[in-house]
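# Descriptive structure summary
Residues per chain, in single letters:
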Amino acid sequence: MKQIASRDNPTFKHLRALADDSRYRRDEGATLLDGIHLLQAANAVGISMRRVAITAKAMSQPEVIAFVDSLKSSSCELIELPEPLLRALSPVETPSGIIAEIQVPTYQPAGRKGDLLLIEAVQDTGNLGTMLRTAAAAGLRNVLLSEQCAQAWSPKVLRAGMGAHFALQIAEQTALIGVLDGWQGDVIATALDARAQDLFSLDLRKPVAWIFGSEGHGLSADLKARATHLACIPMAKNVESLNVAAAAAVCLFEQVRQRRV
């Protein structure tokens, strides 16, 4: 196993750029996974590891040892890092001691079947990761993000998604209106609007393209105009609105409930 002890090492600088720089991640087509459970989730769906960086302390954990042993016959580069260097790569305050570099999977937005989740300009990494996690839990497969969204494969969104990325097909930098041009099902957007119907009165059993907008500004007028239905979630009188991730969870699981019935 290769050992790196200096912040000036070119490989460490590369990993640090993947951790911190969204443009560098996009140019490299790569990202970092932090924590053994994310690495295991990626490995389970056949995503190969380019590099795995580990601390000596993490190598005392049985599941880490078993995972690293499984990589020894692959082309994955194994690196040992001291705790301070690995901490500099991690998106969390208390890293687990193992990080991997992977190639970011890419999917085309054309030809989607089943339900769609369209996300416009959601920039909070925690909200975006939670929405991806909710989509995977609800059985939705296809997620499309506008150019203004946070980067879906950033380390922080990956941590919030808790492995959901590997159950989804995520297309980024997508012209969402163009995706809807060939869509045959309902298009539903949540809105605080006099025209909006109670979410629980809508028939959600057929394929739906769900649209959710940014926390501060909601949906753009052009995208909102493409909705076949505007939906509102009933709330107590003294509450103005729901967080976008919470609203998505209510909508997607109401659809799950209706289909179960």
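Moving on to unusual backbone geometry. A positive phi is found at Met162, a non-glycine position, where the angle reads about 55 degrees. Note that Met162 resides in the loop between helix H7 (155–161) and strand S8 (169–171). Residues other than glycine seldom take positive phi values, yet Gln173 does so here, at roughly 55 degrees. Along the polypeptide, Gln173 turns up in the loop between S8 and helix H8 (176–180).

Spatially, the seven strands line up as an open sheet ordered S8-S7-S6-S11-S9-S12-S10, and their pairing is parallel. Among the strands making up the open sheet, the edge pair consists of S8 and strand S10 (197–198). In the sheet, strand S9 (residues 186–190) pairs with strand S11 (residues 208–212) via four bridges, with the strands oriented parallel. The partner of Val187 across the bridge, within S11, is Ala209. In the packing of helix H6 (residues 125–137) onto the sheet, the strands contacted are strand S6 (116–119), strand S7 (142–145), S8 and S11, and the crossing angle to S6 comes to about 175 degrees. Packing of helix H10 (residues 244–260) onto the sheet brings it into contact with S9 and S11, and relative to S11 it is tilted by some 165 degrees.

About the thresholds
- Residues numbered from 1 in each chain as written.
- Predicted model: local features only at pLDDT ≥ 70, side-chain atom pairs only at ≥ 80, totals over all residues.
- Heavy atoms only, no water.
- Helix = DSSP H or I, 4+ residues; strand = E, 2+ residues; numbered from the N terminus.
- Pairing = 2+ DSSP bridges.
- Contact = heavy atoms within 4.5 Å.
- Axes fitted to C-alpha atoms, helices over the stretch in contact; angles between N-to-C directions.

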